[in-house]
Protein chains: 2
Amino acid sequence: MDLRRQQLVEIGSELFAKRPYDEVGVEEIAAAAGVSRGLLYHYFPTKRDFFIEVVRRHVTQVGELTDSDASLSPLDDLRGTLDAYIAYVDENAQSWVTVHRAGIGSDAEVRALLESSYASQVERILGRMTGGGEAPPVLELAVRGWLGFAIATMIDWLEHRQLEPEALRELLVQGLKGVVAAACDADPSITLVGLEAAD
Amino acid sequence: MDLRRQQLVEIGSELFAKRPYDEVGVEEIAAAAGVSRGLLYHYFPTKRDFFIEVVRRHVTQVGELTDSDASLSPLDDLRGTLDAYIAYVDENAQSWVTVHRAGIGSDAEVRALLESSYASQVERILGRMTGGGEAPPVLELAVRGWLGFAIATMIDWLEHRQLEPEALRELLVQGLKGVVAAACDADPSITLVGLEAAD
């Protein structure tokens, strides 16, 4: 991506992080970036095109901050990831909620970006749980469901702040243990690495 | 709602239940209903207006089939509700997925309808859990999160059918117990009625 384009996406990310999508106008983005409307339209023909790049940046950043640390136990690895993720979500509250509520609609590109981000998060968690083996379908179902739990919980938390960030992280970790236990009830053949013994 | 309008919504619900939103055209809806395009547009100026009525019908139906049965224990009450809900979701797979993926976008009316449906489902579950008392904020957070878990799990299940419907229902029930246990860990002051003792 060329540098000017990248700078525009960064500035847009900051604007969308603090205020709802519908309230941020193209003129405002251009003004904040110190460029003309015409130049902005040259790079991004519509506001939606622009927002898709913001989503792409968000997905890339989340992918980086949720990199797995194999030196930790699976649960502590997850704790580290969730601490980083919660801090990121906190800082980018508006755009995160917009993206995860599909707040700009059924855009196929946004959907594809999110699906790929979800898939890699699920794969990463499953990989740690199964020690890199093939994940049983019911376990995969439960972990995909847990991602829905985590997202719904964080959306509600951003609005109400019922817990300190560390307590929220622990709610998510214990919630994962709970749904994984439910998956093991549903399919007794599931064997896990590093989740059953930990606190 | 007048009868003709109601019939159109019913026919639309059937079409949207089986095929994706983008693939169902206004002409097809009019043809299936045996009315002119003009009459359809008279009742529903846009396809989106039409779909909003389909969502409204969906929310009403879900509200009815998830009515609480106070003669049952909270968990068995939930089981009955989930069995009915899973059967409904199964029958209306496409439109249910479209609605819950916010597949037609940031429409404020769709969002408001869903929010109100979610709120009453959460309130109902919390009411049974707390015996009708005020729900602690962390418990409410966990149950809202669980609804995200249930929706994400059902979307994935509709695609992959990893489990029989009864086993899916039990995964959801045990998942709720898991996240409620996590909420109790996060806030030891939480007291519940009828969840801790049950299987």
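Residues numbered from 1 in each chain as written. Chains lettered and ligands numbered in written order. Predicted model: local features only at pLDDT ≥ 70, side-chain atom pairs only at ≥ 80, totals over all residues.

1. A few points about the overall build of chain A
Within chain A one finds nine helices and zero strands. Counting helices and strands in the order they occur from the N terminus, chain A gives α-α-α-α-α-α-α-α-α. On the principal axes, the C-alpha backbone points of chain A span a range of 60 × 35 × 30 Å. Taken over 199 residues, chain A has a buried fraction of 37%. Summarising the internal contacts of chain A: among those between residues at least 6 apart in sequence, 67% fall at separations of at least 24. (Helix = DSSP H or I, 4+ residues; strand = E, 2+ residues; numbered from the N terminus. Buried ≥ 20, exposed ≤ 12 C-beta atoms within 10 Å, placed from the backbone. Contact = placed C-beta atoms within 7 Å.)

2. Some details on the nonpolar core
Formed by 93 residues in total, the largest nonpolar core has its most connected members in A:Ala142, A:Trp146, A:Ala183, B:Ala142, B:Trp146 and B:Ala183. Aside from chain neighbours lying at most four places away, what touches A:Ala183 is A:Val138, A:Leu139, A:Ala142, A:Ile190 and B:Leu171. (Core = buried A, V, L, I, M, F, W, Y, C linked by C-beta atoms within 7 Å.)

3. Section: the interface of chain A and chain B
Across the boundary between the two partners, chain A contributes 37 residues, which contact 37 residues of chain B. Of all elements in the fold, only α8 (137-160) and α9 (165-186) of chain A reach the threshold of two or more residues within the side of chain A that touches chain B. In terms of residue count, the dominant contributor to the side of chain A that touches chain B is α8(A) (16 residues). Class assignment for the residues of the side of chain A that touches chain B results in 20 nonpolar, eleven polar and six charged. (Nonpolar A, V, L, I, M, F, W, Y, C, P; charged D, E, K, R; others polar.)

4. Focus on the relation of the copies chain A and chain B
Taken as rigid bodies, chain A and chain B are interconverted by a rotation of 180° and an axial shift of 0.1 Å, the fit giving an RMSD of 0.0 Å. In symmetry terms, the pair is related by a two-fold rotation axis. Most of the interface of chain A is mirrored in chain B: 100% of its interface residues are interface residues there too. (Least-squares fit on C-alpha atoms with pLDDT ≥ 70 in both.)

5. A word on helix α1 (residues 3-18) of chain A
Residues and elements named next belong to chain A. Taking 1.5 Å per residue, 16 residues should reach 22 Å; α1 reaches 23 Å between its end C-alpha atoms and fits that length. If you check which residues of α1 are buried, you get Leu8, Val9, Gly12 and Phe16. When α1 is viewed along its axis, its buried side chains cluster within an angular range of 100° and face the same direction. For α1, the exposed residues lying more than 90 degrees away from the buried face are Leu3, Gln6 and Glu10. Against the buried residues of α1 lie α2 (26-33), α3 (37-43), α4 (47-65) and α6 (93-100). (Expected span 1.5 Å × (residues − 1). Arc of directions from axis to C-beta.)

6. Details of the domain arrangement of chain A
Residues and elements named next belong to chain A. For chain A, the domain assignment lists domain 1 (3-49) and domain 2 (54-186). Distance between the C-alpha centres of domain 1 and domain 2: 28 Å. Opposite the ten residues of domain 1 that make contact, domain 2 presents eleven residues. Broken down by element, the side of domain 1 that touches domain 2 gets its largest block of residues, six residues, from α1. Grouping the amino acids of the side of domain 1 that touches domain 2 by side-chain chemistry returns five nonpolar, two polar and three charged. (Domains from an automatic or database assignment.)

7. As for the packing of helix α5 (residues 74-91) of chain A against α9(A)
Each pair of packed helices gets described by two things: the angle between the helix axes and the distance between those axes. All names here are of chain A. Interhelical geometry of α5 versus α9 gives an angle of 130° and a closest axis separation of 10 Å. The angle between the axes of α5 and α9 places the two elements in the oblique class. Between α5 and α9 lies a crossing whose hand is right-handed. Counted together, Leu75, Leu78, Arg79, Leu82, Asp83 and Ile86 of α5 and Pro165, Leu168, Arg169, Leu172 and Val173 of α9 form the full contact between these two elements. Split by residue class, the contact of α5 with α9 holds eight nonpolar, no polar and three charged. (Axes fitted to C-alpha atoms, helices over the stretch in contact; angles between N-to-C directions. Parallel < 35°, antiparallel > 145°, perpendicular 65-115°, else oblique. Left-handed = near helix turned anticlockwise from the far one by under 90°.)

8. Digging into the packing of α6(A) against α8(A)
All names here are of chain A. Relative to each other, α6 and α8 sit at 140°, their axes nearing to 11 Å. One finds that α6 runs oblique with respect to α8. Of the two elements, α6 crosses α8, and the hand of that crossing is left-handed. Side by side, α6 and α8 meet where Ala93, Val97 and His100 of the first sit next to Ile151, Ile155 and Leu158 of the second. Looking at the contact of α6 with α8 residue by residue, the class counts come to five nonpolar, one polar and no charged.

9. Examining the confidence of the model for chain A
Residue and element names in this part refer to chain A. Summary statistics for chain A give a mean pLDDT of 87 and a share of 93% for residues scoring 70 or more. Ranking the elements of chain A by mean pLDDT puts α6 last with 82 and α8 first with 95. Predicted complex metrics record ipTM = 0.86 and pTM = 0.88. (pLDDT = per-residue confidence, 0-100.)

10. So, the environment of B:Phe51
By the element assignment, B:Phe51 lies in helix α4 (residues 47-65). C-alpha separation for the pair B:Phe51 and B:Val35, spaced 16 residues apart in sequence, amounts to 17 Å.

11. Some remarks on helix α8 (residues 137-160) of chain B
Residues and elements named next belong to chain B. Taking 1.5 Å per residue, 24 residues should reach 34 Å; α8 reaches 34 Å between its end C-alpha atoms and fits that length. A large share of α8 lies buried, amounting to 19 of its 24 residues. Phi turns positive one or two residues past the end of α8, at arginine 161, with a value near 50°.

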